[in-house]
Amino acid sequence: MKLQHFLAQKPLFYKKFDPYRMRRAYQKIAHHLHLPPIVHIVGTNGKGSTGRFLAGGLKEAGLRVGHYTSPHIFSFNERIWIDGKDIGDDTLELLHQKLLQLLQEEAKELSYFEYTTFLAALAFEGLDIAIMEAGLGGEFDATAVFPNDLTLVTPIDYDHKDFLGESIEQIAATKLRAVKKKALLAPQPHPQVYGVAKELGIDFERVEEVDKAMRICKEAKIPSFFAPNLALATAAAKKLGILVEPSQMVRYRMPGRFERKGNIILDVGHNPLSARAIVEALDKRVVLVYNSYEDKEYEEVLKILKPKIERVEILPIKNERIVGPSKLFAVLDRLGIEAGWFDGFKEEEYLVYGSFSVIEEIARWLPDSTNT
């Protein structure tokens with residue numbers, strides 16, 4: 001069965017999670033995998049940007065490097081980046097057939113994310129280094145089964161409470177238990193994170209110096225909220241014994257991260273931490289094109305964004321996880337925010353925000369879009 005059809009049979013999300021399923025599959029095929037040194041990235045926000053900055057910097061230093069990220073926006077191939085390019089369809093299909101032979105019956109049991117994590121592992125064989133970005137978890141994340149040399153921890157905040165825990169301490173512990181050797185921690189909005197790292201006995205260093213990264217972001221004309229990600233990536237390269245100028249790293253940006261297209265800004269953020277960064281980055285009020293998953297803190301997000309919102313236009317999305325329109329409109333009414341349905345872009349300033357699904361759905365509305 002072809003990869004596209006195989007993955008289409010797998011749900012993207014499981015209501016009941018088996019934390020040991022990925023470990024069982026890894027133990028079965030570990031001796032067939034020939035992995036390069038791995039840098040693992042966990043956290044709430046900025047994992048993708050940190051990983052791509054680091055991957056780009058290592059590539060500039062002459063290394064063959066892979067970056068595994070998720071989810072994708074327009075094409076599945078975006079998840080596996082090697083030496084500056086998304087993986088090709090033919091290569092993906094060859095890896096899929098090889099993985100089916102290795103896993104056999106276990107291939108059917110694995111989740112969408114777990115299976116694609118193994119695809120990335122196969123794709124990265126023969127490289128000098130691989131950067132593996134966790135999904136929403138840490139300790140039991142699919143990417144955590146592989147040995148790694150270094151863990152990068154981006155800012156940790158409230159998100160996925162039903163899965164990770166209700167308190168910052170619980171969320172941080174879940175993510176930080178993924179650390180295997182040493183960790184570098186980006187500046188944390190919650191000081192409790194450092195306390196949890198100490199309680200767990202983790203060998204970690206704090207990356208606090210972001211002034212140079214701030215200056216480089218300003219020169220590159222990108223928002224200052226990228227600076228901690230850039231500083232963390234720079235510190236990671238140094239920890240690996242590779243000196244890379246952050247001015248080279250900053251040229252490598254992930255799509256959909258405060259990405260401007262004319263009068264439209266696209267951002268895949270979806271939680272309060274991201275919303276606060278967006279408010280600081282916006283220099284004027286915007287029309288917010290929005291939708292949210294039911295399990296997100298959408299009321300808190302909208303409350304944070306309100307000072308920069310002219311009005312909200314809800315983007316229709318067909319997905320069982322999307323919050324019901326009546327609930328969303330009720331929240332907007334309670335917050336005193338004018339709202340309606342999105343029916344196309346006008347000559348106004350827009351922010352498209354809410355999740356990867358929102359950015360994916362809006363593609364066909366973009367002026368220069370070929371994703372129709």
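The notes below deal with the structure included here. Fair warning: this is a prediction, and the values are worked out from it, not measured in the lab.

## Re the packing of helix 4 (residues 89-103) against helix 6 (residues 112-123)
Moving on, step 1. Where helix 4 contacts helix 6, the axes come no closer than 10 Å and their chain directions differ by 110 degrees. The orientation of helix 4 relative to helix 6 falls into the category roughly perpendicular. Note on packing geometry: the crossing formed by helix 4 with helix 6 is right-handed. Between helix 4 and helix 6, the residues in contact are Leu92, Leu95, His96, Lys98, Leu99, Leu100, Leu102 and Leu103 and Tyr115, Phe118, Leu119, Leu122 and Ala123, respectively.

## Looking at the environment of Asp18
Moving on, step 1. Its place among the elements puts Asp18 in the loop between helix 1 (3-8) and helix 2 (21-29).
Moving on, step 2. Separated by 241 residues in the primary sequence, Asp18 and Glu259 place their C-alpha atoms 36 Å from one another.
Moving on, step 3. Of the polar contacts made by the side chain of Asp18, one reaches the side chain of Arg24; its length is 2.7 Å.

## Considering empty space enclosed by the protein
Moving on, step 1. Applying the stated criterion across every chain, the model contains one cavity of 30 Å³ or more.
Moving on, step 2. Approximately 30 Å³ is the volume attributed to the largest cavity.
Moving on, step 3. If you go around the largest cavity, the residues you meet are Lys182, Ala183, Leu184, Asp203, Phe204, Glu205 and Lys239.
Moving on, step 4. Those elements giving two or more residues to the lining of the largest cavity turn out to be strand 7 (182-185) and strand 8 (203-206).
Moving on, step 5. Of the residues belonging to the lining of the largest cavity, the class tally is three nonpolar, no polar and four charged.

## So, the sheet that holds strand 3 (residues 80-82)
Moving on, step 1. Reading across the sheet, the eight strands line up as 4-3-2-5-1-6-7-8 and stay open at both edges, with mixed pairing between neighbours. The open sheet terminates on both sides in strands that have one partner only, identified here as strand 4 (85-86) and strand 8.

## Some words on the packing of helix 3 (residues 47-60) against helix 11 (residues 227-239)
Moving on, step 1. Two elements in contact, helix 3 and helix 11, have axes whose closest approach is 8 Å; the angle formed by their N-to-C orientations is 45 degrees. Considered as vectors, helix 3 and helix 11 are oriented oblique to each other. By crossing handedness, the relation of helix 3 to helix 11 is classed as right-handed. Counting all contacts with helix 3, which are made through Ser49, Thr50, Phe53, Leu54 and Leu58, the residues of helix 11 involved are Asn229, Leu230, Leu232, Ala233, Ala236 and Ala237.

The rules we used
- Residues numbered from 1 in each chain as written.
- Predicted model: local features only at pLDDT ≥ 70, side-chain atom pairs only at ≥ 80, totals over all residues.
- Heavy atoms only, no water.
- Axes fitted to C-alpha atoms, helices over the stretch in contact; angles between N-to-C directions.
- Helix = DSSP H or I, 4+ residues; strand = E, 2+ residues; numbered from the N terminus.
- Parallel < 35°, antiparallel > 145°, perpendicular 65-115°, else oblique.
- Left-handed = near helix turned anticlockwise from the far one by under 90°.
- Contact = heavy atoms within 4.5 Å.
- Polar contact = N/O pair within 3.5 Å; in protein donor to acceptor, adjacent residues only side chain to side chain.
- 1 Å grid on protein atoms, 1.4 Å probe; cavity = no way out; pocket = protein on both sides within 12 Å on 5 of 7 lines; lining within 4 Å.
- Points joined across faces, edges and corners; volume = space filled by probe spheres on them.
- Nonpolar A, V, L, I, M, F, W, Y, C, P; charged D, E, K, R; others polar.
- Pairing = 2+ DSSP bridges.

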